[in-house]
Amino acid sequence: MDNLLSLYPPCEPFNHGFMERDDHRIYFEQCGNPNGKPAVFLHGGPGGGGSTQVRRFFNPDLYHIVIFDQRGCGRSKPHGLLENNTTWDLVEDIEELKQLLGIQKWLVFGGSWGSTLSLAYSQTYPNSVSEMILRGIFMLREKELRWFYQDGASNIYPEAWQYFLEPIPKKERGDLMSAYHRIFNGDDEEKKLNAAIAWSKWEGSTSSLAYRPEMAESFSEPEFALAFALIENHYFVNRGFLKHENQLIESGIDIIRSIPTVIVQGRYDMVCPMTTAWELSQNWPEAELIIAPSSGHTAFEKEISHELIKATNLFAKNV
């Protein structure tokens, strides 16, 4: 693909702070143009935390960019707290933050778990959402979780999978998510940390089309890994706290059908396989599905970044 769009230059927040919710202190920041088009970025994981790089998907002259770290991760406190930490708590956090900042409607941008949360939020508060940009679609359905945490991606990355298996005794490997859950809820802090690093490194090793050691290592940083792994596992064993696994991809679509939406999906996404994005688009033909033909999962694959920036540029005109 020629003439790929590049990330916008780095920009610093013009404001940041904390929002007090239940027992959580939720970090948020505002970047770009305070009078620009409002947009909120919903990070992945759950438990991934925000990143300074994601500001760069938006033209800072045209967008009022809001980024926050979801409960228990990133710069939010307490670190790794699982109490009062569900999909629906996060949905209410997003709406509360919108009201706190005096925003009427905003563009919602979310990838991976952020796409799940974007759909949950928009289906709960459709009048708060002007447009959506979704990437790497993930619905927490049984077949998706089994693909990544039991049998599927393991066949593509056997060397990384071997490291993921190491903390789990062979007799417990028939249900790896549950085996990890027992460790994460145990009292052995060293074992918990080692398991968290193995859990997180597995995702870092599989997120890009070409293996990137620096990504795998960044996911292995102990503080990041502990929150990422414990929160992800907490959400996944509880199936996202959804009423049923097709709630967001089927029964909730009529609520948001008229919201202008672009879906960007890497053809070779091993974390969130393309079949989920395809099924979503079949149920929601009004949304535009764009397939990045030579890309994996991460938003920073060049093709995917190009399509995401192209979408933010397009929606910037809708003021």
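What you see is a predicted model; the values in this text were computed from it and never measured.

Focus: the overall build of the protein
Thinking step 1. When you go through the protein residue by residue, the secondary structure sums to 12 helices and 8 strands.
Thinking step 2. For the protein, whose C-alpha radius of gyration is 18 Å, the value lies close to the compact-globule estimate of 20 Å for 319 residues.
Thinking step 3. Referenced to the eigenvectors of the C-alpha coordinate spread, the extents of the protein come out at roughly 55 × 45 × 40 Å.
Thinking step 4. Counting every position in the protein, which comprises 319 residues, the buried fraction comes to 58%.
Thinking step 5. In the protein, the proportion of contacts linking residues at least 24 apart, taken out of those at least 6 apart, comes to 74%.
Thinking step 6. Entry remark: accessible area of the protein is about 13,300 Å², with carbon and sulfur atoms responsible for 50%.

Thoughts on the pairing of strand 1 (residues 15-21)
Thinking step 1. Where strand 1 and strand 2 (residues 24-32) come together, 7 bridges link them in antiparallel fashion. Across the sheet, residue R21 finds its bridge partner in strand 2, namely H24.
Thinking step 2. The hairpin turn running from strand 1 into strand 2, its antiparallel successor, is 2 residues long, and D22 in that turn takes a positive phi close to 55 degrees.

Looking at unusual backbone geometry
Thinking step 1. Residue G45 is joined to P46 through a cis peptide bond whose omega torsion reads 0 degrees.
Thinking step 2. Among the structural elements, P46 can be located in the loop between strand 3 (37-42) and strand 4 (63-68).
Thinking step 3. In this structure, P78 follows K77 across a cis peptide bond, with omega equal to -10 degrees.
Thinking step 4. You will see that L140, though not glycine, has its phi angle at about 60 degrees, which is positive.
Thinking step 5. Within the secondary structure layout, L140 lies in the loop between strand 6 (129-135) and helix 3 (142-149).
Thinking step 6. Despite not being glycine, F241 shows a phi value in the positive range, around 60 degrees.
Thinking step 7. Along the chain, F241 falls in the loop between helix 8 (222-237) and helix 9 (247-251).

Quick look at the pattern of salt bridges
Thinking step 1. On inspection of all chains with the given rule, the structure shows 20 salt bridges.
Thinking step 2. We note a salt bridge from E29 to R75, for which the minimum N-O separation is 3.3 Å. Pair noted here: E29 is in strand 2 and R75 is in the loop between strand 4 and helix 1 (87-100), with a separation of 46 residues, a long-range link.
Thinking step 3. Look at E29 and you get buried, because its relative accessible area is 1%.
Thinking step 4. For E131, the salt bridge identified is with K37, shortest N-O distance 3.0 Å. With E131 in strand 6 and K37 in strand 3, this residue pair connects regions lying 94 residues apart in the sequence. Taken individually, E131 and K37 each receive the classification buried, so the pair is uniform in this respect.
Thinking step 5. It is possible to trace a salt-bridge network through shared partners that takes in R21, D22, R71, D93 and E96.

Regarding the packing of helix 1 against helix 2 (residues 113-124)
Two numbers describe a pair of packed helices, the interaxial angle and the distance between the axes.
Thinking step 1. One way to put it is that helix 1 packs onto helix 2 with a least axis distance of 9 Å and a crossing angle of 70 degrees. Taken together, the axis directions place helix 1 and helix 2 in an arrangement best described as roughly perpendicular. In this structure, helix 1 crosses over helix 2, and the sense of that crossing is right-handed. Along the contact surface, helix 1 presents T87, W88, L90, V91, E92, I94, E95 and K98, while helix 2 presents W113, L117, A120, Y121 and T124.
Thinking step 2. Residue classes in the contact of helix 1 with helix 2 are distributed as 8 nonpolar, 2 polar and 3 charged.

Description of the packing of helix 4 (residues 158-165) against helix 6 (residues 189-206)
Thinking step 1. Remark: helix 4 packs on helix 6, axes separated minimally by 8 Å, with the N-to-C direction vectors making an angle of 165 degrees. In this view, helix 4 runs roughly antiparallel relative to helix 6, as classed from their interaxial angle. The way helix 4 lies across helix 6 gives a crossing that is left-handed. Judged by residue contacts, A160, W161, Y163 and F164 of helix 4 engage I197, A198, W199, K201, W202 and S205 from helix 6.
Thinking step 2. A per-class count over the contact of helix 4 with helix 6 returns 8 nonpolar, 1 polar and 1 charged.

Focus: the environment of L101
Thinking step 1. Inspection of the secondary structure puts L101 in the loop between helix 1 and strand 5 (106-111).
Thinking step 2. Considered as a pair, L101 and Q30 are 71 residues apart in the sequence and their alpha carbons are 9.4 Å apart.
Thinking step 3. With residues near it in sequence (within four places) discarded, L101 still touches F28, Q30 and V66.

Calculation notes
Residues numbered from 1 in each chain as written. Predicted model: local features only at pLDDT ≥ 70, side-chain atom pairs only at ≥ 80, totals over all residues. Heavy atoms only, no water. Helix = DSSP H or I, 4+ residues; strand = E, 2+ residues; numbered from the N terminus. Rg over C-alpha atoms; globule rule 2.2 N^0.38 Å. Buried < 20%, exposed > 50% of the residue type's maximum accessible area, 1.4 Å probe, protein only. Contact = heavy atoms within 4.5 Å. Areas by Shrake-Rupley, 256 points an atom, 1.4 Å probe, with all protein chains shown as cover. Pairing = 2+ DSSP bridges. Salt bridge = Lys/Arg side-chain N within 4 Å of Asp/Glu carboxyl O. Axes fitted to C-alpha atoms, helices over the stretch in contact; angles between N-to-C directions. Parallel < 35°, antiparallel > 145°, perpendicular 65-115°, else oblique. Left-handed = near helix turned anticlockwise from the far one by under 90°. Nonpolar A, V, L, I, M, F, W, Y, C, P; charged D, E, K, R; others polar.

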